[in-house]
Amino acid sequence: MSPIGIFDSGYGGLTILHGLRNLLPEYDYLYLGDNARAPYGPRSFDVVYEFTRQAVTKLFDMGCQLVVLGCNTASAKALRTIQQVDLPRIDSSRRVLGVIRPTAEVIGSLTTSRHVGVLATEGTIKSESYTLEIQKLYPDIKVSGVACPFWVPLVEYNEADSPGADYFVKKRLDQLMRLDPLIDAIILGCTHYPLLMPKIVKYVKPGVRIVPQGEYVAESLKNYFIRHPEMEQRCSKGGTVDYLTTENPDKFRESAQIFLHEYVDVKNVTLG
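What counts as what
Residues numbered from 1 in each chain as written. Predicted model: local features only at pLDDT ≥ 70, side-chain atom pairs only at ≥ 80, totals over all residues. Heavy atoms only, no water. Helix = DSSP H or I, 4+ residues; strand = E, 2+ residues; numbered from the N terminus. Expected span 1.5 Å × (residues − 1). Buried < 20%, exposed > 50% of the residue type's maximum accessible area, 1.4 Å probe, protein only. Pairing = 2+ DSSP bridges. Axes fitted to C-alpha atoms, helices over the stretch in contact; angles between N-to-C directions. Contact = heavy atoms within 4.5 Å. Parallel < 35°, antiparallel > 145°, perpendicular 65-115°, else oblique. Left-handed = near helix turned anticlockwise from the far one by under 90°. Nonpolar A, V, L, I, M, F, W, Y, C, P; charged D, E, K, R; others polar. Polar contact = N/O pair within 3.5 Å; in protein donor to acceptor, adjacent residues only side chain to side chain.

Peer 1: Where do I start with helix α11 (residues 214-227) in this structure?
Peer 2: Since one α-helical turn is 3.6 residues long, residues separated by three or four positions face the same way. For α11, which comprises 14 residues, the first-to-last C-alpha distance of 20 Å matches the rise-based estimate of 20 Å (1.5 Å per residue) to within 8%. Turning to α11, its buried residues are Gly-214, Tyr-216, Val-217, Ala-218, Leu-221, Tyr-224 and Phe-225.

Peer 1: Help me understand the sheet that holds strand β4 (residues 95-97) in this model?
Peer 2: Strands belonging to one sheet form pairs held by backbone hydrogen bonds; the direction of such a pair is parallel or antiparallel. A sheet is described by the order of its strands in space; here six strands give the open sequence β4-β3-β1-β2-β9-β10, paired in parallel fashion. Among the strands making up the open sheet, the edge pair consists of β4 and β10 (266-268). Geometrically, the sheet is characterised by an average inter-axis angle of 20 degrees between neighbouring strands, direction not taken into account. Bridging between strand β1 (residues 4-8) and strand β3 (residues 66-69) involves four bridges; their strand directions are parallel. The residue of β3 that forms the bridge with Ile-4 is Leu-66.

Peer 1: Sorry if this is basic, but what is going on with the pairing of β3 here?
Peer 2: Regular strands place side chains that alternate from one sheet face to the opposite one. Side chains Leu-66 and Val-68 project from β3 onto one buried face, and the interleaved Val-67 and Leu-69 project onto a second face that is buried too. Direction of pairing for β3 relative to β4: parallel, over a ladder of three bridges. Residue pairing in the sheet places Val-67 in a bridge with Val-96 of β4.

Peer 1: What am I meant to see in the sheet that holds strand β5 (residues 115-120) here?
Peer 2: The strand order β6-β5-β7-β8 describes an open sheet built from four strands, whose pairing is parallel. Strands with a single pairing partner mark the edges of an open sheet, and in this sheet they are β6 (142-147) and β8 (209-211). Taken pair by pair, the neighbouring strands of this sheet meet at an average axis angle of 25 degrees, ignoring direction. Where β5 meets β6, six bridges bridge the pair, whose relative direction is parallel. The residue bridging Leu-119 from the neighbouring strand is Val-146, located in β6. Across the face of the sheet, helix α5 (residues 100-107) comes into contact with β5, β7 (185-188) and β8 while running at roughly 170 degrees to β7.

Peer 1: Please clarify how the packing of α5 against helix α7 (residues 129-137) should be interpreted in this entry.
Peer 2: How two helices sit against one another is set out by the angle between their axes and by the gap between those axes. Two numbers describe how α5 lies on α7: the axes approach to 9 Å, and their chain directions differ by 45 degrees. Taken together, the axis directions place α5 and α7 in an arrangement best described as oblique. Here α5 and α7 pass one another in a crossing that is right-handed. Judged by residue contacts, Ile-100, Arg-101, Thr-103, Ala-104, Glu-105 and Ile-107 of α5 engage Ser-129, Tyr-130, Glu-133, Ile-134 and Leu-137 from α7. For the contact of α5 with α7, the residue count by class is six nonpolar, two polar and three charged.

Peer 1: Can you walk me through the side chain of Thr-121 in this structure?
Peer 2: Here Thr-121 shows up in the loop between β5 and α6 (122-127). Setting aside its immediate chain neighbours within four residues, Thr-121 contacts Gly-41, Thr-73, Ala-147, Cys-190 and Tyr-193.

Peer 1: For this particular structure, what's the right way to read unusual backbone geometry?
Peer 2: Peptide bonds are mostly trans, and most non-glycine residues show a negative phi. The omega torsion across Ala-38 and Pro-39 is 5 degrees, close enough to zero to call that bond cis. Examined against the element boundaries, Pro-39 turns out to sit in the loop between β2 (29-33) and α2 (45-61). Of note, Glu-128 is a non-glycine position whose phi angle comes to about 60 degrees, a positive value. Within the secondary structure layout, Glu-128 lies in the loop between α6 and α7. Judged by its relative accessible area of 49%, Glu-128 is partly exposed. With a phi close to 55 degrees, His-261 is a non-glycine residue in the positive phi region. Relative to the helices and strands, His-261 resides in the loop between α13 (249-260) and β10. According to the relative accessible area criterion, His-261 is exposed, its value standing at 70%.

Peer 1: Is there a simple way to explain the environment of Arg-253 in this structure?
Peer 2: Mapped onto the secondary structure, Arg-253 falls in helix α13. Assessed through its relative accessible area of 16%, Arg-253 is described here as buried. Along the chain, Arg-253 and Tyr-263 lie 10 residues apart, while their C-alpha atoms are 6.7 Å from each other. In this structure Arg-253 touches Tyr-263, Val-264, Asp-265 and Val-266, once residues within four positions along its chain are discounted. Within polar-contact distance, the side chain of Arg-253 engages the side chain of Asp-250 at 2.4 Å.

Such coordinate-based values are descriptive only and should not be taken to indicate function.
Below, the structure is given as structure tokens:
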């Protein structure tokens with residue numbers, strides 16, 4: 001078994017897993033959530049890197065040849081170091097991919113005004129990873145970002161549909177549009193945020209496109225496999241999904257149903 005590994009600090013990466021399963025259902029997947037140490041957003045670069053490295057190593061030890069960091073904070077703060085420093089030392093034939101680059105690649109075709117907004121965690125916004133990746137590909141695009149510190153708890157405490165969520169969603173959307181009224185595409189730069197989509201659509205101004213990541217990450221991986229058939233052949237195809245958490249399995253099962261609307265069997269693991 002060589003499943004595709006999906007890592008997230010918590011539950012948001014389940015939206016990435018959902019997108020991958022929809023487009024590439026034939027592969028085996030192994031999801032690891034470091035729920036005991038979430039959230040990663042406010043943590044330093046060094047801490048996020050160390051936690052992410054531990055998770056990637058665990059997934060490699062369990063047979064994964066390819067790991068997708070289904071976490072924007074980990075992609076922003078740890079991916080580059082893992083790719084450049086750790087992979088050559090651990091196994092240069094394995095791969096670790098992130099969720100920021102695929103979204104940056106597609107955004108050029110989704111904006112007409114060339115003004116793009118990013119809504120994400122504090123850590124992702126401070127890293128400026130989206131700005132850097134987008135402007136590498138599209139120097140003409142202006143990127144503005146706003147951190148949304150209360151959006152993740154709203155989702156994880158199953159309050160995404162509550163009246164109280166309206167205040168926090170509208171506040172951050174208004175803040176973003178004040179920064180740049182010409183924005184016509186907004187990237188949801190946190191994998192939790194698609195669960196707030198009904199509220200986001202309610203308060204965003206007409207004509208602004210909302211860009212969740214799941215489908216674009218899945219499409220990017222499909223294209224990656226076309227370009228790298230040697231890696232595609234190393235990923236096993238049994239259509240299975242297994243789940244690991246560093247937290248209480250019962251708590252994971254309960255929260256995972258918010259994201260996947262299905263019962264999942266999950267095992268506890270220790271990192272570090």
